[in-house]
Amino acid sequence: MGTEQAAAVEISEPLLLHEEAAVDKIRADDQEIERIPEWKDQITIRGLVVSAILGTLFCIITHKLNLTVGIIPSLNVAAGGFGSYLLSMDEKTYKLIGEDYPGNRAEDVKNPGLLWMMGFIFVVSFLGLFSLVPLRKVMVLEYKLTYPSGTATAMLINSFHTNTGAELARKQVSCLGKYLSISFCWSCFKWFFSGIGDSCGFDNFPSLGLTLFKNTFYFDFSPTYVGCGLICPHIVNCSVLLGAIISWGFLWPFISQRAGDWYPADLGSNDFKGLYGYKVFVAISLILGDGLYNLIKIISVTIKEICTKRQNLPVVKEVTDENSSKLLAEQKKRDEVFLKDRIPFWFAASGYVGLVAISTAAMPMIFPPLKCPSPCLLQLVWYWTNRLEPGLLWKIGLFIIASLVGSDGGVLAGLAACGVMMSIVSTAADLMQDFKTGYLTLSSAKSMFVSQLVGTAMGCVIAPSFWLYWSAFDIGSPDSPYKAPYAVIYREMAILGVEGFSELPKHCLAICCGFFVAALAINLLRDVTPKKVSQFIPIPMAMAVPFYIGAYFAIDMFVGTVILFVWERLNRKDAEDYAGAVASGLICGDGIWTIPSAILSIFRINPPICMYFGPSASS
C-alpha cells in the first residue's frame, strides 16, 4: 500500500503541471482565434481587384490552350467549356463532320452569341456552389479528405508568411516577370514572319526535316507548350510523345496506305468516313477507357474508405506526448475557426432549389430540346464528384441525355446537358478545394464561400472574352492553329449517343475497342506494379491527345521536360523553386500576345513577311 501511495504522488505532480500548461495553451489559442479577422474583413477591395485582373489574364490563357491543344490548367472554371461543348454546337463543326453524316442535323446547331453565352453561364455556374455547402463539415472534418490542390495551395500561402518564404516569393515573381517579357517579345517577333494563312512562320518550321514535318513532327517554337512541358510531370510529357509516335509515326501512315480499301480514296482530309474518322474515334476510345477505369477505381476506393471509417470508430485516448498535444491543439484551433462562421443549411438548400427552378425554366429558352432539369438531377446523384473523375461524368451525362432525347434534338440536348454538368461539377469541386485551403490557413469558411460567389459572377462576365478569339481567328478549322480539337470530339460523342456505331469506317470499331481495352490494361498495370516500375508506364489519357491534334506540341512539351530534367540534375533546389515561375511566365507572355494579335486581325492588319520552307528546286 505504501508503495502504491508513493507511486501515486510521483505521478500526480507532473500531471497537474501538464494540466496547468494545457489550460494556459487553450487560453492562448482562444485569444489567437479572437485575433483572427471577421469573415467580412477577410474580403478586401484590393483582393477583389487583383483577382479580377488575374482572372482576366488566366481566362485568356485558358482560351488559347483550350482552342489549340485542349489541355487546360484549372485557372478559370467558366472558360473551360468554350473550346468543347459550346463550339460543338456551332455551324462550322456541323459542316466539318459533314452535312450528310447520319445523326448530324442542321437543327442541332447553335452558333456562339455573347448574350446567350453570358446568360447560360450565369444560370448554371452558381448551382455547384450551393450543392456541396452542407457537406463541407463531413468532407473536411469527419472524412478528412486530402484535397491535394487545396492542401498544396494552403502550404504555399502559409510559407509566404515566413521570412524565407516571403523572400522566395519575391524572387519567383521577379523570375515570372522576366520570362513573361521574353515570351511576349518572342511571340511578337514570330508574328512578323507568320504571313497570311497558316503555312508560314516559325509555327511551321520543319526543324526535324520535311518528311517528318508532313507527319506533324516538328518543333514550332511555342513558349506555351514548352511551359506546359516544364509544369507537367515527366511521365505526362513522355506519354504525350509516345502517343504521337504511335499515332502519327505508325498507325495513321499504316491506315492511309489502305485508302481505297478501308475507305474511299477520294475523300477530303476532314471527312469522317476516311482517315479523319479513325483519328477522332481512336482518341475518344482512349479517353473513355482511361476515364472509365479511374471512375470505377475511385468509386471502389471511396466506398471502401467510408465502410472502414464507419467500422473503426475513433477511440478517445489521453495523450501525454508533447508533440501530439501540439498537433491536437492545432487541429482543435482549425476546427473551431472553420466552424465559427456557419453557412446556414436553409440558405444553401433554398439557394440550390431556387437556382434549379431558374435553370429549369431558362434552359428550354436557350436550348429548346433540353426540356427537363435532368442535368441538375444527375448532379445530385453524383454529389461525390469532387472525389470522382468529373471529366468522365459529364461525358457519361452527354451520352445519357443524347440517347434519352433521341434523334429529335438529342445532339444539342446532350451537349447542353454536358455544359450544365461541367459548370456544376467544376465549381463544386473547386469550392471544396478552397474550403480545405481555408481550413489549413485559418480562413473563414463563410469568406471563402462569399469570395467564390463574387469570383463566379466575375467569371460569368470575363469568360465570354472568348468572343475576341471567335471574331479574330479561324476557330475550329483543322488547318488553323486554333483547331478546337474537343469541339469535334464532343459533337461526335453526342452523335454516337443518338445513332450508335453503325457509320464508322471499316475496321474502325475494332481498332477503337483495341485501344479502349489497352487503356484499361495500362491503367491496371500502373496500379498493380511496384512504384519503381509504374512510374515509367505511360498514361493513356495523355497519350490520346496527339492522336487527333498532331505531334508538334508533343515535341515542344518534350523539349520542356528535357530542360527541366537537366535543370534538376544540375540544381534540384533551384528547379523546384523556379521551374513553375519560368513556365508560368512563358505561358502568360505567349497568352497575353494573343490580345494584340487578335486586335490586329480584327482590323485586317496582316504580318508583312511569310517565312516558308519547301524542298529545293534541284531535289
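If you're wondering where the values come from, they're calculated on a predicted model, not measured in any experiment.

Q: Lay out the overall build of the protein in plain terms, naming residues and giving numbers.
A: Looking only at helices and strands, the protein features 26 helices and zero strands. In the protein, which comprises 619 residues, the share counted as buried stands at 47%. Of the contacts formed within the protein by residues at least 6 apart in sequence, a portion of 80% connects residues at least 24 apart. Surface exposure of the protein reaches about 29800 Å², of which carbon and sulfur atoms provide 65%.

Q: Describe the packing of helix α5 (residues 114-125) against helix α19 (residues 445-462), with residues and values.
A: Look at α5 against α19: their axes get within 9 Å of each other, and the N-to-C directions meet at 160°. Between α5 and α19, the interaxial angle falls into the category roughly antiparallel. Between α5 and α19 the crossing geometry is right-handed. Here M118, I121, F122 and S125 of α5 come into contact with α19, specifically with T456, A457, C460 and V461. The residue makeup of the contact of α5 with α19, split by class, is six nonpolar, two polar and no charged.

Q: Give me the lowdown on the state of the cysteines, citing residues and values where you can.
A: Any covalent bond linking the sulfur atoms of two cysteines counts as a disulfide. For the structure shown, the criterion picks out one disulfide. In this model C200 forms its disulfide with C610; the gap between the sulfur atoms is 1.8 Å. Residues C200 and C610 are joined through a disulfide that is left-handed, its torsion about the S-S bond being -70°. Of this pair, C200 sits in the loop between α9 (163-191) and α10 (210-214) while C610 is found in the segment after α26 (572-602), placing the two residues 410 residues apart along the sequence. Residue C610 is classed as partly exposed on the basis of its relative accessible area of 42%. Of all cysteine sulfurs in the structure, the one in C508 sits closest to C512, which takes part in no disulfide; the separation is 3.9 Å.

Q: Explain helix α15 (residues 345-366) to me, using residue names and the numbers behind them.
A: Between its first and last C-alpha atoms α15 spans 31 Å; for 22 residues at 1.5 Å apiece the expected length is 32 Å, and the two agree. Three or more residues of α15 are buried, namely A348, G351, Y352, L355, V356, S359, A362, M363 and I366.

Q: Report on the confidence of the model for the protein, specifying residues and quantitative values.
A: Per-residue confidence for the protein gives a mean pLDDT of 82; residues scoring 70 or more make up 86%. Low pLDDT (under 50) marks residues 313-320, which in the prediction has seven contacts with non-local residues, meaning those over four places away or in another chain. Note on residues 380-388: pLDDT under 50 across the span, and 27 contacts to partners over four residues away in sequence or across chains.

Q: Hey, could you go over the environment of S502 for me, with residue numbers and the actual values?
A: Mapping S502 onto the fold places it in the loop between α21 (485-499) and α22 (508-528). A C-alpha to C-alpha distance of 9.2 Å links S502 and P102, two positions 400 residues apart in sequence.

Q: Can you tell me about the side chain of T427, naming the residues and giving the values?
A: Within the element layout of this structure, T427 appears in helix α18 (residues 410-440). Since its relative accessible area comes to 5%, T427 is described here as buried. Within the local environment of T427, its side chain forms a polar contact with the backbone oxygen of I424, the two atoms lying 3.0 Å apart.

Q: Pulling in residues and values, what's your account of the nonpolar core?
A: With 144 residues, the main nonpolar core has F120, F367, F435 and Y490 as its most contacted residues. Ranked by residue count, the leading element in this core is α18, at 17 residues. Excluding residues that lie within four positions of it along the chain, F367 makes contacts with M89, K110, W116, F120, L412 and A416.

Conventions used here
The numbers attached to residues start from 1 for each chain and follow its sequence in the written order. Side-chain atom pairs in this predicted model are given and counted only at pLDDT of 80 or more, local residue features only at pLDDT of at least 70, and totals for whole chains, interfaces and linings cover all residues. Water and hydrogen atoms play no part in the side-chain values, which are based on all heavy atoms of the structure. Here a helix means four or more residues in a row that DSSP labels H or I, a strand means two or more in a row labelled E, and each is numbered from the N terminus. For each residue, the accessible area found with a 1.4 Å probe, counting protein chains only, is set against the maximum for its type, and the residue is called buried under 20%, exposed over 50%, and partly exposed in between. Whether two residues touch is decided by their heavy atoms; if any such pair falls within 4.5 Å, the residues are in contact. Residue exposure ignores everything except the shown protein chains as possible cover, and the areas themselves are Shrake-Rupley values with a 1.4 Å probe. Orientation is described by axes fitted as lines to C-alpha atoms, over the contacting stretch for helices, and by angles from 0 to 180 degrees between their N-to-C directions. In what follows, roughly perpendicular refers to angles from 65 to 115 degrees, roughly parallel to angles under 35, roughly antiparallel to angles over 145, and oblique to any angle outside these ranges. Should the near helix be turned counterclockwise from the far one by less than a right angle, the crossing is left-handed, whereas a clockwise turn marks it as right-handed. Residue classes follow a fixed rule: Ala, Val, Leu, Ile, Met, Phe, Trp, Tyr, Cys and Pro count as nonpolar, while Asp, Glu, Lys and Arg count as charged, and any other residue, Gly among them, counts as polar. Cysteine sulfur atoms are paired as a disulfide whenever they fall within 2.5 Å. An expected span of 1.5 Å times one less than the residue number is assigned to each helix. In predicted models, pLDDT denotes the confidence assigned by the predictor to each residue on a 0 to 100 scale. Think of a polar contact as two N or O atoms within 3.5 Å of one another; within protein, one of them needs to be a possible hydrogen donor and the other a possible acceptor, and neighboring residues in sequence only count if both atoms come from side chains. Among buried residues, the Ala, Val, Leu, Ile, Met, Phe, Trp, Tyr and Cys ones that are joined through side-chain atoms within 4.5 Å form a nonpolar core.

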